[in-house]
Amino acid sequence: MAVMVVVAFVAFLMFNFVGDPVDNMVGQEASYADREAMRDRLGLNDPFLVQFTRFAGNAVQGEFGISYRLQRPVADLISERMPATLELVMASAILAILIGIPLGVYTGIRRDALSSRLVLMFSLVGVSLPTFVIGILLIYVFAVILGVLPSFGRGEAVQLGWWSTGFLTVSGWKAIILPSITLALFQMTLILRLVRSEMLEVMRTDYIKFARARGLSDRTINFGHAFKNTLVPVITIIGLNVGSLIAFSIITETVFQWPGMGFLFIQAVGFADVPVMAAYLVLVALVFVGINLLVDILYFVVDPRLRVDRSVAMGGDE
Amino acid sequence: MALLEVENLRVEFPTRRGTLLAIDDVSFQIEEGEVLGVVGESGAGKSLTGASIIGLLEPPGRIAAGQIRLEGERIDNLPYDELRRIRGKKIGAIFQDPLTSLNPLYTIGRQLVETIRVHTDDTEAQARDRTVQLLTEVGIPAAERRLGSYPHEFSGGMRQRVVIALALCANPKLIVADEPTTALDVSIQAQIIALLKKLCRDHKTAIMLITHDMGVIAETADRVAVMYAGRIAEIGPVKQVVKHPKHPYTIGLMGAIPIVGRDIERLTQIEGSMPRLTNIPDGCSFNPRCPKVFDRCYVERPDLVPTGETTAACWLHAKEKTGV
Ligand SMILES: Nc1ncnc2c1ncn2[C@@H]1O[C@H](COP(=O)(O)OP(=O)(O)OP(=O)(O)O)[C@@H](O)[C@H]1O
Ligand code: SF4
Ligand SMILES: [Mg+2]
């Protein structure tokens, strides 16, 4: 909650620092009186706290004002663009998790195998190449040379109520492949490396040694006992990463001209379109907070030691 | 035929600077239902011997020579998966630290049921009944209600009881217990050892009891093996070894026995310390510290030779036999 207030405040401050919007809205030749009238109408002459309270109150209702650039309600713009971004982020997160975790477990168990070393070497590339380079490389190979996948846009989107989805058309599926790989690669390698190092750590613990001494099968030990014990840190990182996926999506969306919020944001920055920028920031913060909450709940599900109420010390020694 | 026969066991660690010989030509036997104590200073090779028997030597450590036979069948060269079927079923193991031997994310009921079902054809319900019975047997009150508890909800002593239940749950023939009480509060150690001994007597399970504590050995074991620098220095019935030790190292150890009831003292009262694996002296490895050392000890390595009622590796006692 506190986080949200701070973010809202910062977003609001932008209004006051990023130039005077009135300059952009009325022509150079407008008179001082005209400007003042405009300022009054926009409420820009009210005391600071009143302005902030109004901003926060509106924000809570999903009301962020009118875009200076497009002269349309920000809420409409955002809700048009959000599905594209969320679908991209979702696809990337699923890709990163579905590939990162199994590879992490594999390289953790077969520590010295040649295949593990190759995977790790490859993952180094994923960590060190910047997102836009990967994006451009992919475009070059698959769109320019091979010509099999589109290099920009989202393909045909289908409207489902207020949500527009690209998952119902072939062109939509084709269009999301390159951007989602681009966006996923970095996170995938992070997850892979984390899962691997956690697996290595857990494999050294006494309870894994004891599980072996009990004669449990390798499969039970690796997945039932070892992997589950890596989940708490892994969930943390994945949670944080879904957040940073949204942040990184700005770059990916720009490279692929993906019609999402990140692209909208970049265009807004270029135009000092403060209401859009503010709305974007508040929304991203909201997503971060939501994810944190989810992560906390998952901790609770995974690790019994965190369920404090049950651990009322029971059973001493006689 | 003894239950367990270890013959000329040799364990090596290949390292960059050459091969470390951690266990050198160790042989001993454990009879059915017998308690064999294994003592020796830190680094003597007790744990490695135990790990070799349960097939859990950690790479790069490996058995380089010798045989381990359980009920007459070799188990040291079994493929990993066949060995797995023996672990827990025929040979149970108990490790030092009860606080960390249990998986923190699963209830103790689940860990027991899981282990029982790996080794038997029990249904879930049968395994559950057996679990309750086992927990009761190891002295956990209201066992039925504790099945759903997690390890962190138990005290150290209680956890070690659960660990014992886990080691015993498939009725193994042998339990390798590596310092099963060292991590526990002194006041509980005796209880746990007594419990272990009683259970194994009831189930006719043999124990290889590794410990630093000569007092525990004197009270619990039938026979005792004294290890020094990767070899057995002396082995024999516990009464003889305690009362009439033959090997100078054992004699030193007996001098260091704590009075029962007093705090345990580590076996370090012999002057000097054990040589590192990298510079074990020629001849008898005990020669730098031995009060009775003489010429021959620097040249030739003594083998285990029966002397009276125990067996010792010392030239003092070999003389008569070999007639040198
Ligand atoms: N991974 C390894 N690499 C090299 N040497 C090792 C390794 N593991 C054990 N050793 C050596 O093997 C020897 C025997 O170790 P072991 O753990 O069996 O001793 P121990 O008698 O159980 O001692 P403690 O009483 O401290 O448990 C030690 O000298 C140790 O340095
Ligand atoms: S062989 Fe020699 S050095 Fe070794 S224990 Fe016997 S007397 Fe001491
Ligand atoms: Mg040890």
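Values in this document were obtained by computation on a predicted structure and should not be read as measured data.

1. Quick look at the overall build of chain A
Logical step 1: Scanning chain A from N- to C-terminus turns up twelve helices and two strands.
Logical step 2: Walking chain A from its N terminus toward its C terminus, one meets helices and strands in the order α-α-α-α-α-α-α-β-β-α-α-α-α-α.
Logical step 3: Every one of the 318 residues in chain A was classed for burial, and the buried ones make up 43%.
Logical step 4: Taking the contacts inside chain A whose residues are at least 6 apart along the sequence as the reference set, 70% of them involve residues at least 24 apart.
Logical step 5: Summing over all exposed atoms, chain A offers an accessible surface of approximately 16,100 Å²; the carbon and sulfur share of this is 69%.

2. Observations concerning the sheet that holds strand 8 (residues 206-210) of chain B
By way of backbone hydrogen bonds, the strands of a sheet pair with one another, either parallel or antiparallel.
Residue and element names in this part refer to chain B.
Logical step 1: The eight strands are arranged 6-7-8-3-9-10-12-11 in an open sheet whose pairing can be described as mixed. The strands lining the two open edges of the sheet, one partner per strand, are strand 6 (91-94) and strand 11 (305-307). Across the sheet, the axes of successive neighbouring strands diverge by a mean angle of 20°, strand direction being ignored.
Logical step 2: In this sheet, strand 12 (residues 310-312) lies alongside strand 11 in antiparallel orientation, the contact comprising three bridges. Bridge pairing in strand 12 links Thr 307 to Thr 310.
Logical step 3: Against the sheet, helix 7 (residues 186-203) engages strand 6, strand 7 (174-178) and strand 8, with an angle of about 155° to strand 8.
Logical step 4: On the sheet, helix 10 (residues 248-255) packs against strand 3 (35-39), strand 9 (223-228) and strand 10 (231-237) and is oriented at approximately 110° with respect to strand 9.

3. Some words on the site of ligand 2
Logical step 1: Around ligand 2 lies a shell formed by B:His247, B:Pro248, B:Cys284, B:Phe286, B:Asn287, B:Cys290, B:Lys292, B:Val293, B:Cys297, B:Cys314, B:Trp315 and B:Leu316.
Logical step 2: Taken together, the residues of the shell around ligand 2 sort by class into nine nonpolar, two polar and one charged.

4. Section: the pairing of strand 3 of chain B
All names here are of chain B.
Logical step 1: In terms of burial, strand 3 is a largely internal element, five of the five residues being buried.
Logical step 2: Taking every second residue as pointing to the same face, both faces of strand 3 are buried, with Val 35, Gly 37 and Val 39 on one and Leu 36 and Val 38 on the other.
Logical step 3: The sheet contact formed by strand 3 and strand 8 spans four bridges and is parallel. Note that in strand 8 the partner of Gly 37 across the bridge is Leu 209.

5. Some remarks on the interface of chain B and chain A
Frequently, the measure chosen for interface size is the accessible area removed from exposure when the parts meet.
Logical step 1: Listed per partner, the contact involves 37 residues of chain B and 28 residues of chain A.
Logical step 2: Both sides of the chain B and chain A interface together cover about 3,000 Å² of buried area, and 54% of this is carbon and sulfur.
Logical step 3: In terms of surface lost to chain A, no three residues of chain B exceed B:Leu105, B:His152 and B:Glu153, which account for 20% of the buried area on that side.
Logical step 4: Taken together, chain B and chain A are joined by one salt bridge.

6. Focus: the site of ligand 1
Residue and element names in this part refer to chain B.
Logical step 1: If you check the shell around ligand 1, you find 14 residues, and the closest are Ser 42, Gly 43, Lys 46, Ser 47 and Leu 48.
Logical step 2: Measuring from an oxygen atom of ligand 1, one finds a side-chain N or O atom of Glu 179 at 3.4 Å.
Logical step 3: Protein burial of ligand 1: of its 630 Å² of free accessible surface, 65% is covered by the chains.
Logical step 4: Element by element, the count of residues in the shell around ligand 1 is highest for helix 1 (residues 46-53), at three residues.
Logical step 5: Residues of the shell around ligand 1, tallied by class, amount to six nonpolar, five polar and three charged.

7. Structural notes on the packing of aromatic side chains
Logical step 1: A complete count under the given rule lists seven aromatic pairs over all chains for this structure.
Logical step 2: On the numbers, 5.0 Å between centres and 50° between planes, the contact of A:Phe167 with A:Trp173 is tilted.
Logical step 3: Take A:Phe167: its relative accessible area is 25%, and that puts it in the partly exposed class.
Logical step 4: A network of ring pairs unites the aromatic residues B:Tyr228, B:Tyr249 and B:Phe286 as a single cluster.
Logical step 5: Between A:Lys209 and the ring centre of B:Phe95, over which it is positioned, the NZ or CZ distance is 5.4 Å.

8. As for the nonpolar core
Logical step 1: B:Leu4, B:Phe28, B:Ile53, B:Ile91, B:Leu135, B:Ile164 and B:Leu174 are the most contacted members of the largest nonpolar core, which totals 96 residues.
Logical step 2: With eight residues, helix 6 (residues 156-168) of chain B is the largest single contributor of residues to this core.
Logical step 3: Among all residues touching B:Leu135, those that are not within four sequence positions of it are B:Ile108, B:Leu112, B:Ile140, B:Ala143, B:Leu147, B:Val162 and B:Ala165.
Logical step 4: One finds A:Ala84, A:Leu88, A:Met261 and A:Val284 within the second-largest nonpolar core, a separate group that totals 37 residues.

9. Observations concerning the sheet that holds strand 5 (residues 73-74) of chain B
Residues and elements named next belong to chain B.
Logical step 1: The four strands are arranged 2-1-4-5 in an open sheet whose pairing can be described as antiparallel. Only two strands of the sheet have a single neighbouring strand rather than two, namely strand 2 (18-30) and strand 5.
Logical step 2: Inspection of the sheet shows strand 4 (residues 62-70) paired to strand 5 by two bridges, in the antiparallel sense. Directly across from Arg 69, in strand 5, lies its bridge partner Arg 74.
Logical step 3: Set on the sheet, helix 1 makes contact with strand 1 (4-15), strand 2 and strand 4; between it and strand 1 the angle comes to about 110°.

10. Re the packing of helix 5 (residues 74-109) of chain A against helix 12 (residues 274-302) of chain A
Residue and element names in this part refer to chain A.
Logical step 1: Two numbers describe how helix 5 lies on helix 12: the axes approach to 10 Å, and their chain directions differ by 55°. It follows that helix 5 is oblique to helix 12 by the angle criterion. Between helix 5 and helix 12 the crossing geometry is right-handed. Along the contact surface, helix 5 presents Val 74, Leu 77, Ile 78 and Met 82, while helix 12 presents Pro 275, Val 276, Ala 279, Tyr 280 and Leu 283.
Logical step 2: Split by residue class, the contact of helix 5 with helix 12 holds nine nonpolar, no polar and no charged.

11. Considering the domain arrangement of chain A
All names here are of chain A.
Logical step 1: Considered domain by domain, chain A is made up of domain 1 (2-60) and domain 2 (75-317).
Logical step 2: The gap between the C-alpha centroids of domain 1 and domain 2 is 36 Å.
Logical step 3: Counting residues at the interface gives ten residues for domain 1 and eleven residues for domain 2.
Logical step 4: Counting each side, the surface lost to burial between domain 1 and domain 2 is near 930 Å², with a carbon and sulfur contribution of 92%.
Logical step 5: The tally of links from domain 1 across to domain 2 stands at zero salt bridges.
Logical step 6: There are zero residue pairs in polar contact (both at pLDDT 80 or more) connecting domain 1 and domain 2.
Logical step 7: Here the side of domain 1 that touches domain 2 gets seven residues from one element, more than from any other, and that element is helix 1 (residues 2-17).

12. Side note on helix 4 (residues 48-60) of chain A
Because the α-helix completes a turn every 3.6 residues, residues three or four places apart line up on one side.
Residue and element names in this part refer to chain A.
Logical step 1: Over its 13 residues, helix 4 extends 18 Å from the first C-alpha to the last, a length consistent with the 18 Å expected when each residue adds 1.5 Å.
Logical step 2: For helix 4, the full list of buried residues reads Gln 51, Phe 52, Phe 55 and Ala 59. Buried residues of helix 4, seen end-on, are gathered within an arc of 95° and therefore sit on one face of the element. Facing away from the buried side of helix 4 by over 90 degrees, the exposed positions are Leu 49, Thr 53 and Val 60.

Conventions adopted
Residues numbered from 1 in each chain as written. Chains lettered and ligands numbered in written order. Predicted model: local features only at pLDDT ≥ 70, side-chain atom pairs only at ≥ 80, totals over all residues. Heavy atoms only, no water. Helix = DSSP H or I, 4+ residues; strand = E, 2+ residues; numbered from the N terminus. Buried < 20%, exposed > 50% of the residue type's maximum accessible area, 1.4 Å probe, protein only. Contact = heavy atoms within 4.5 Å. Areas by Shrake-Rupley, 256 points an atom, 1.4 Å probe, with all protein chains shown as cover. Pairing = 2+ DSSP bridges. Axes fitted to C-alpha atoms, helices over the stretch in contact; angles between N-to-C directions. Near = heavy atom within 4 Å. Nonpolar A, V, L, I, M, F, W, Y, C, P; charged D, E, K, R; others polar. Buried area = accessible area lost by both parts, 1.4 Å probe. Salt bridge = Lys/Arg side-chain N within 4 Å of Asp/Glu carboxyl O. Polar contact = N/O pair within 3.5 Å; in protein donor to acceptor, adjacent residues only side chain to side chain. Phe/Tyr/Trp six-rings, centres within 6.5 Å; stacked < 30°, edge-to-face > 60°. Lys NZ or Arg CZ within 6 Å of the ring centre and 35° of its normal. Core = buried A, V, L, I, M, F, W, Y, C linked by side-chain atoms within 4.5 Å. Parallel < 35°, antiparallel > 145°, perpendicular 65-115°, else oblique. Left-handed = near helix turned anticlockwise from the far one by under 90°. Domains from an automatic or database assignment. Expected span 1.5 Å × (residues − 1). Arc of directions from axis to C-beta.

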